[in-house]
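# A look at the structure
Residues per chain, in single letters:
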Amino acid sequence: MKICVLVKEVPDAAVEKKINPSTGRMDRSGEKNLNPYDTHAIEAAMQIKEGGAVPVEEIVAVTMGPDSAVRALHKAVSLGADRSVHLSDEAVAGSDVAATGYALAKTLQRESPDLVLLGQQSDDGECYTIGAVVAEHLGMPSLTQVIKMDVEAEALRCERQAEYGYDTVQVKLPAVISVGDAINEPRYPSLKAIMGAKKKPLDTHAIGDVDIEADRVGETGSRTTVVSLNPPPAKEAGEIIEDEDTNETVEKIVAWLDERKLI
């Protein structure tokens with residue numbers, strides 16, 4: 001079995017998310033990191049490999065992004081991936097979900113994976129749909145919000161979160177699986193793995209290397225357009241009740257809750 005894990009470089013959690021008003025794109029000038037949801041996908045791939053139910057030939061981390069995205073790939077390799085693939089081309093800048101899914105699918109076709117894993121969402125766009133778009137282009141079945149996977153011959157038996165509990169679904173391979181963050185607890189990379197990540201094989205491709213049509217990516221190939229940006233309404237200042245007299249303070253809190261029908 002060959003497993004490809006889609007990963008993404010996103011703004012660090014400590015960085016305030018902003019949209020560049022002139023481009024309509026997210027401002028990615030600050031510190032960046034590997035999308036934390038994708039670490040669960042890498043861990044899921046590692047557990048399949050270590051479980052021994054099926055022999056795993058290799059785990060390949062795949063991303064699309066600027067030159068800086070290579071650091072996310074190094075992090076993915078330090079967490080267990082055997083090698084990485086980087087689609088890096090100015091032509092893909094500004095791609096929306098539809099264009100990104102197409103580009104990633106063309107990159108994955110070159111790898112011919114038996115299983116594609118990815119996190120349920122990215123920490124920046126949070127669109128939840130990239131796995132389904134990739135699966136459509138690859139002609140593979142897709143499952144989302146998967147919180148448990150068991151390998152059964154040429155299929156996977158998965159549990160996926162639902163509003164009423166969870167569904168148990170059997171899906172034939174090859175398939176695209178978006179895993180939820182409840183599926184596992186990602187491991188911490190060892191110092192040796194971190195130091196050795198840059199020495200692992202890294203293939204960098206332009207769109208021509210993987211037969212991507214230029215008019216189907218970037219702003220030209222995107223199906224969506226940002227027409228306007230509006231900041232969220234400012235939050236009203238909260239009410240602070242000082243505890244000078246305990247009885248009076250309790251009465252104020254109870255009155256505040258009662259007024260809003262919270263008790």
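The text that follows walks through the structure, step by step, so that each part is easy to find.

What counts as what
- Residues numbered from 1 in each chain as written.
- Predicted model: local features only at pLDDT ≥ 70, side-chain atom pairs only at ≥ 80, totals over all residues.
- Heavy atoms only, no water.
- Axes fitted to C-alpha atoms, helices over the stretch in contact; angles between N-to-C directions.
- Helix = DSSP H or I, 4+ residues; strand = E, 2+ residues; numbered from the N terminus.
- Parallel < 35°, antiparallel > 145°, perpendicular 65-115°, else oblique.
- Left-handed = near helix turned anticlockwise from the far one by under 90°.
- Contact = heavy atoms within 4.5 Å.
- Buried < 20%, exposed > 50% of the residue type's maximum accessible area, 1.4 Å probe, protein only.
- Core = buried A, V, L, I, M, F, W, Y, C linked by side-chain atoms within 4.5 Å.

### Side note on the packing of helix 3 (residues 97-111) against helix 4 (residues 130-138)
Two elements in contact, helix 3 and helix 4, have axes whose closest approach is 8 Å; the angle formed by their N-to-C orientations is 50°. In terms of orientation, helix 3 and helix 4 fall into the oblique class. Considering how the two elements wind past one another, helix 3 and helix 4 form a crossing that is right-handed. Of the residues in helix 4, those touching helix 3 at Val97, Ala98, Thr100, Gly101, Tyr102, Leu104, Ala105, Leu108 and Gln109 are Ile130, Val133, Val134, His137 and Leu138.

### Topic: unusual backbone geometry
Note the cis peptide between Leu173 and Pro174, where omega equals 0°. Tracing the backbone through its elements, the reader meets Pro174 in the loop between strand 11 (165-172) and strand 12 (175-179). Non-glycine residue Ser112 carries a positive phi angle of around 50°. Mapped onto the fold, Ser112 is located in the loop between helix 3 and strand 8 (115-119). Judged by relative accessible area, which is 54%, Ser112 ranks as exposed. Located in the positive-phi region is Gln145, a residue other than glycine, with phi close to 55°. By secondary structure assignment, the location of Gln145 is in strand 9 (residues 142-152).

### Let's talk about the nonpolar core
Ile3, Val5, Leu115, Leu117, Met149 and Ile177 are the most contacted members of the largest nonpolar core, which has 35 residues in total. Those elements giving two or more residues to this core turn out to be strand 1 (2-6), helix 1 (36-51), strand 6 (58-64), helix 2 (70-78), strand 8, strand 9, strand 10 (155-162) and strand 12. A total of six residues in this core trace back to one element, the largest contributor, which is helix 1. Residue contacts for Ile3: discarding those within four places in its chain leaves Ala45, Ile48, Val56, Glu58, Ile59, Val60, Leu115 and Leu117. Among the nonpolar cores identified, the runner-up in size contains 25 residues, and Cys4, Val92, Leu138 and Met140 belong to it.

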